[in-house]
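Letter by letter, the chains look like this.
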Amino acid sequence: MNNQKLLEVQDLVIEFTTDKGKVRAVDGISFSLNNSETLGIVGESGCGKTVTALSLLKLIPSPPGKIIQGHILYQGKDIVSKSESAMRHFRGKEISMIFQEPMTSLNPVFTIGNQMIDVIRQHTHASKKEAKERAIKMLERIRIPNPERRIDEYPHQMSGGMRQRIMIAMALSCNPKILVADEPTTALDVTVQAQVMAQISELQKKFNTAVILVTHDLGVIAETCTNVLVMYCGKIVERADVSTLFESPRHPYTRGLLTSIPRIREKKLEKLPTIEGTVPDLLHLPVGCRYADRCERVRDHCRLEEPPLEKKDDKTEVACFYPY
Ligand SMILES: Nc1ncnc2c1ncn2[C@@H]1O[C@H](COP(=O)(O)OP(=O)(O)OP(=O)(O)O)[C@@H](O)[C@H]1O
Ligand SMILES: [Mg+2]
């Protein structure tokens, strides 16, 4: 039996060099992803979600950033040591990424058709004509009206939701095995958000793509993900399947996030802000558990030693000495 994971991240450490010192944005995280799984990554601003997502495509800006330890195995092969030219071939074809703000990822001076054709031709042997046909089909699939005409339009002629759907279509146009979506709906209206998420789910099923979804919206996680990683201060503090996480969160931080849901819904732009206290500065991390200062279950031990991420039962891994 072949039980090789599609993606396996092992003990990944990513540092940024800043004028105040080195910052560990990601500090020894491990996780894996199976075929057609949807893995959510959630956590407060600055906890390392985007850095984690970018690392999977080796898109960490370097300098100042650097993967200083660990492995990212894609179908069993480590991409950490891959060259930039190998990565150019890899991105879009094996793992694709969509970002929060589609306007920054689409080039304003080219028509969306030209941009889609470029992506397709970069990774296939399609002729210009074939690539255009494929692009039109993709637009049809995401239900852009009049695709033959709209393919010649520029990004600014489209609505935000349409641009984001085009980004998704582009990201999936070469049939990657993994789609990494970093806050794909945060910049959009609530009504459009649901459409875009539905689009991702639909294409995911059609193409059998695995998805890594970075979001601060636990509602989106509940609706779309199969498994969830909760990050805090560069670490994974809890990992569980989605129903276990929502029904019986074990880490005090996860509990805090879940009780903050209604407030997120009211003020959608605020990013999980409602747990008392603040996240420690990555430059001056406490000894012991990073969540200790905000934790309602903290005991002396927590300030002396850092809790490792451990299996607590069949379904959950938690980095806490005194979980729920
Ligand atoms: N270009 C950079 N230069 C220096 N430090 C950086 C850089 N990018 C990220 N970092 C550091 O990495 C940490 C994690 O950043 P990251 O963008 O991954 O957070 P995030 O979880 O995606 O937050 P948000 O929810 O706001 O998008 C930041 O707090 C910052 O200290
Ligand atoms: Mg981010």
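Structure: see above.
Bear in mind the structure is a predicted one, so any value in this text is a computation, not a measurement.

Caption draft 1: Geometry of helix α8 (residues 190-207). With 18 residues, α8 should reach 26 Å at 1.5 Å per residue; the first-to-last C-alpha distance of 26 Å fits that figure. Among all positions in α8, only Val 192, Gln 193, Val 196, Met 197, Gln 199, Ile 200, Ser 201, Leu 203, Gln 204 and Phe 207 are buried. Looking one or two residues beyond α8, the residue adopting positive phi is Asn 208, at roughly 60°.

Caption draft 2: Layout of the site of ligand 1. As a structural note, the neighbourhood of ligand 1 is formed by 15 residues, with Ser 45, Gly 46, Lys 49, Thr 50 and Val 51 the closest of them. Here Cys 47 contributes a backbone N or O atom positioned 3.2 Å from an oxygen atom of ligand 1. Here Lys 49 contributes a side-chain N or O atom positioned 2.8 Å from an oxygen atom of ligand 1. If ligand 1 stood free it would expose 630 Å²; the protein chains cover 69% of that surface.

Caption draft 3: Expanded view of the packing of aromatic side chains. What the rule picks out here adds up to five aromatic pairs. Measuring from centroid to centroid gives 5.1 Å for Tyr 74 and Phe 90, while their planes differ by 85°, and the two rings are edge-to-face. Of the two residues, Tyr 74 sits in strand β4 (residues 65-74) while Phe 90 sits in helix α2 (residues 84-90), which places them 16 residues apart along the sequence. With a relative accessible area of 5%, Tyr 74 lands in the buried category.

Caption draft 4: View of the packing of helix α4 (residues 112-123) against helix α7 (residues 160-172). Where α4 contacts α7, the axes come no closer than 9 Å and their chain directions differ by 20°. Compared by their axis directions, α4 and α7 come out roughly parallel. For α4 against α7, the interelement crossing comes out right-handed. Along the contact surface, α4 presents Ile 112, Gln 115, Met 116 and Val 119, while α7 presents Ile 166, Ala 169 and Met 170. Classifying every residue of the contact of α4 with α7 by side-chain character gives six nonpolar, one polar and no charged.

Caption draft 5: Region of interest: the sheet that holds strand β2 (residues 21-33). Strand order in the open sheet formed by four strands is β2-β1-β4-β5, and the pairing between neighbours is antiparallel. Pairing within the sheet leaves two strands with one partner each, and these edge strands are β2 and β5 (77-78). Examined bridge by bridge, strand β1 (residues 7-18) and β4 share eight bridges and lie antiparallel to one another. In the strand pairing of β4, Val 13 is matched with Gln 69.

Scoring rules and cut-offs
Residues numbered from 1 in each chain as written. Chains lettered and ligands numbered in written order. Predicted model: local features only at pLDDT ≥ 70, side-chain atom pairs only at ≥ 80, totals over all residues. Heavy atoms only, no water. Helix = DSSP H or I, 4+ residues; strand = E, 2+ residues; numbered from the N terminus. Expected span 1.5 Å × (residues − 1). Buried < 20%, exposed > 50% of the residue type's maximum accessible area, 1.4 Å probe, protein only. Near = heavy atom within 4 Å. Polar contact = N/O pair within 3.5 Å; in protein donor to acceptor, adjacent residues only side chain to side chain. Areas by Shrake-Rupley, 256 points an atom, 1.4 Å probe, with all protein chains shown as cover. Phe/Tyr/Trp six-rings, centres within 6.5 Å; stacked < 30°, edge-to-face > 60°. Axes fitted to C-alpha atoms, helices over the stretch in contact; angles between N-to-C directions. Parallel < 35°, antiparallel > 145°, perpendicular 65-115°, else oblique. Left-handed = near helix turned anticlockwise from the far one by under 90°. Contact = heavy atoms within 4.5 Å. Nonpolar A, V, L, I, M, F, W, Y, C, P; charged D, E, K, R; others polar. Pairing = 2+ DSSP bridges.

Treat this as a map of the structure, not an account of what it does.
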